[in-house]
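Structural characterization, general
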Amino acid sequence: MEERKVKVNANIRLFPWQLEVVSNLEQHWKGYTHVIKSRRQIGKSTLLQLLLIRTAAERNKTDSISLSPTLDQARKLYRSIKNILQPTRLYRRHNDLQLCVELKNGSSIYFKSAEQGSALRGYTVSGIMTIDEAAYINDSIIYDCLPWVNVSQAPIVIVSTPYHKSGFFYETYMRGFKNNNKVLSYDWSDPKYDTSALLPPEKLEEYRKTMPLQKFRTEYLGEFMSSEGGVFGDFSAVLNNNYNKENQLLYMGIDWGSGQGQDSTAIAIFNSDREMVKLFHFNDKDETQTIDYIVGLIKEYRPLKVLCESNSIGTVFYGLLDKAIKAEALPVMLLKFTTTNESKERLINSLIVYIQNKQVQLLNDPELVVEMEMYEMKVTSNGKRTYNAHQNFHDDCVIATMLGIEAITKGTYNIL
């Protein structure tokens, strides 16, 4: 790499694992792909900032592109680099709409996201191309973007926390260990690197105790998972049909079903110790019969709170149940849960952690067990995790279970 004495940011400090990549890039530039498997919080964003800025500053009239899974991630990197460059003599202008920073030497840095889909075709990279969190970008998107470097044989730097042992990131990373002279791979989770200055052992231990095990292993141990699915892992240790019958503080979670085909309404009841007391599921009742049945359960078990999904048909059922509860003057707090991908993931992660730490007890119900075994996680083209039942299976009991647990802490209750 041709060197010019350009001072960009005197506060950037590189650690040995980052310096190794920078050094190898200087010797292996044109036509090379550098693949980094990284844990979180050990400086991958800092490295990408440095490489994009240094390339633009030292190589006149070049275009560099950074590809991120989401627009929010692209904007974050764009703002960071813009803020670094603006106070310097290198800076010329920026465009917040196009997410582009231009330098006085004619070089530009563009920030793209996988969410742009087919609009990503047709760009040319003459500086450097970086792909952030590549394991969470759909392979077809990446393959659409790889031709950007063909004309100038610009280097590609790919960095990501690992995910599954499949797909573009995993396969390209493994190529670097098979004597492929155009791919260099780096394992930043290798014990030879002391990353404790950025990720102290006590912080790592905190994450281990509070995060789902799979997520902890991929994001903070830097391990690839063997396959998709298996969201809840081995949950057999928390299955028990005996619960504390003296604990009368009960909570109810409801996942509504249409009553058509196999789409069931599921009702889970927990005590305040997170022990499942009862689980009901049915698909043979119409709207009126469903509400009457649930009102009967509320009268029998007298839960403090009832938390039910309010999406789609849930809005109608919630309104009917609310009217019935008021008509009967039942002393129960009725709460809504709006399901989004983010709120659903929060419930799932909470249940996973409770299972790992044996802080929940579930009934050994055959339907619940099957649903939990067949519950899976996938990654969309923009890198988002999605959770659903495996094809031809259902998740009604799983959702009701998570809502029942959520009801214990959601909202407040005033004794009437």
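The structure under discussion appears in the preceding block.
Residues numbered from 1 in each chain as written. Predicted model: local features only at pLDDT ≥ 70, side-chain atom pairs only at ≥ 80, totals over all residues. Heavy atoms only, no water.

**Focus: the overall build of the protein**
This is how the line gets drawn: A helix here means a DSSP run of H or I that spans at least four residues, while a strand means a run of E at least two residues long, and both kinds are numbered starting from the N terminus. Only protein chains enter the accessibility calculation, which uses a 1.4 Å probe; a residue is then buried when its area is under 20% of its type maximum, exposed when over 50%, and partly exposed in between. Contacts: residue pairs with any heavy atoms within 4.5 Å of one another. Each accessible area value is a Shrake-Rupley result obtained with a 1.4 Å probe; residue values ignore everything except the protein chains displayed when judging cover. In summary, the charge assignment counts Lys and Arg as positive and Asp and Glu as negative, without counting His or the chain termini. For the purpose of locating charges, the reference atoms are NZ of Lys, CZ of Arg, CG of Asp and CD of Glu.
A count of helices and strands for the protein gives 12 helices and 15 strands. With the principal axes as the frame, the protein shows a C-alpha extent of 80 × 40 × 40 Å. Counting the 416 residues in the protein, one finds 52% classified as buried. In the protein, of all internal contacts separated by at least 6 residues, the share reaching a separation of at least 24 is 74%. Carbon and sulfur atoms make up 46% of the accessible area of the protein, which amounts to about 19,800 Å² in all. Averaging the positions of the 49 positive and the 48 negative side-chain charges in the protein gives two centres separated by 10 Å.

**As for the sheet that holds strand β8 (residues 183–187)**
Note the following rule: Note: two strands are recorded as paired if DSSP finds a minimum of 2 bridges between them. Fitting a line to C-alpha atoms yields each axis, with helices limited to the stretch in contact; the angle taken between N-to-C directions then spans 0 to 180 degrees.
Strand order in the open sheet formed by 8 strands is β3-β4-β5-β2-β6-β7-β1-β8, and the pairing between neighbours is mixed. A strand with exactly one partner marks an edge of an open sheet, and here the two such strands are β3 (91–95) and β8. Here the strands of the sheet are splayed against their neighbours by 15° on average, with no regard to which way each runs. Its contacts with the sheet place helix α5 (residues 167–175) against β1 (33–37), β7 (156–160) and β8, and it is angled at close to 110° to β1.

**Re the pairing of strand β13 (residues 333–337)**
The condition is simple: Whether a crossover is right-handed comes down to one check: with the strands pointing away from the viewer, does the path from the first strand over the helix to the second run clockwise; if it does, it is right-handed.
Across 5 bridges, the pairing between strand β12 (residues 305–309) and β13 is parallel. Along β13, the bridge assignment pairs Val306 with Leu334. For the segment spanning β12, helix α9 (residues 313–328) and β13, crossover handedness is right-handed.

**Section: the pairing of strand β4 (residues 100–103)**
Of the two faces of β4, the one lined by Cys100 and Glu102 and the one lined by Val101 and Leu103 are each fully buried. Summarising the sheet, β3 and β4 pair through 4 bridges and their orientation is antiparallel. By the bridge assignment for β4, Asn95 is matched with Cys100. Between β3 and β4, which pair antiparallel one after the other, the connecting turn spans 4 residues, and Leu99 there sits at a positive phi close to 55°. As defined by bridge partners, β4 adjoins strand β5 (residues 108–113) across 3 bridges and the pair is classed as antiparallel. Paired with Val101 across the strands is Ile109, a residue of β5. As consecutive antiparallel partners, β4 and β5 are separated by 4 residues, and within that stretch Gly106 has a phi angle of approximately 90°, a positive value.

**Topic: the sheet that holds strand β9 (residues 250–255)**
Overall, mixed pairing links the 5 strands, which are arranged β11-β10-β9-β12-β13 in an open sheet. Pairing within the sheet leaves two strands with one partner each, and these edge strands are β11 (276–282) and β13. Pairwise comparison of adjacent strand axes, ignoring direction, gives a mean angle of 15° for this sheet. The pairing of strand β10 (residues 265–271) with β11 spans 6 bridges and is antiparallel. Bridge pairing links Thr265 to Phe282 in β11. Across the sheet, helix α8 (residues 287–301) is in contact with β9, β10, β11 and β12; its angle to β11 comes to roughly 165°. Each of β9, β12 and β13 touches α9; the most contacted strand, β13, lies at about 175° to it.

**Re the packing of aromatic side chains**
The condition that has to hold: Pairing of aromatic rings covers Phe, Tyr and Trp, the last through its six-membered ring, and needs centres within 6.5 Å; plane angles under 30 degrees mean stacked, over 60 mean edge-to-face, and all others mean tilted. Cation placement over rings: the criterion is NZ of Lys or CZ of Arg within 6 Å of the ring centroid and within 35° of the ring normal.
Counted according to the given criterion, the structure contains 18 aromatic pairs. Both rings, one in Phe169 and one in Phe224, keep their centres 6.0 Å apart while their planes meet at 40°; by these two values the pair is tilted. Taken together, the positions of Phe169 in helix α5 and Phe224 in the loop between α7 (213–220) and β9 put the pair 55 residues apart, joining distant regions of the chain. For the residue pair Phe169 and Phe224, the accessibility class agrees, reading buried in each case. When the ring of Phe280 is compared with that of Tyr293, the centres are 6.3 Å apart and the planes differ by 80°; the resulting orientation is edge-to-face. Linking Phe280 in strand β11 with Tyr293 in helix α8, this pair joins segments that are 13 residues apart in sequence. For Phe280, a relative accessible area of 17% translates into the label buried. Ring pairing ties together the aromatic residues Phe169, Tyr170, Tyr173, Phe177 and Phe224, which thus form one cluster. Over the aromatic face of Trp29 sits the side chain of Arg59, whose NZ or CZ is 4.1 Å from the ring centroid.

**Regarding the pattern of salt bridges**
Condition: We define a salt bridge as a contact between a side-chain nitrogen of Lys or Arg and a carboxyl oxygen of Asp or Glu at a distance within 4 Å.
The full count for this structure, using the stated rule, is 18 salt bridges. The partner of Glu328 in a salt bridge is Lys299, with the nearest N and O atoms 3.2 Å apart. Taken together, the residues Glu328 in helix α9 and Lys299 in helix α8 connect sequence positions 29 residues apart. On the basis of relative accessible area, Glu328 is assigned to the partly exposed category, the value being 40%. Three or more residues joined by partner-sharing salt bridges are found here, namely Arg40, Lys44, Asp132, Glu133 and Glu219.

**Observations regarding the nonpolar core**
Put simply, the rule is: Residues grouped as a nonpolar core are buried Ala, Val, Leu, Ile, Met, Phe, Trp, Tyr and Cys residues, joined through side-chain atoms within 4.5 Å.
Core analysis: the largest hydrophobic core is formed by 68 residues, its most contacted members being Ile131, Phe232, Val360, Leu362 and Met372. Excluding anything up to four places from it in sequence, Val360 contacts Val238, Phe270, Arg274, Leu351, Tyr354, Ile355 and Ile405. Counting residues in each nonpolar core, the second largest holds 41 residues, with Phe15, Trp29, Leu85 and Tyr220 among its members.

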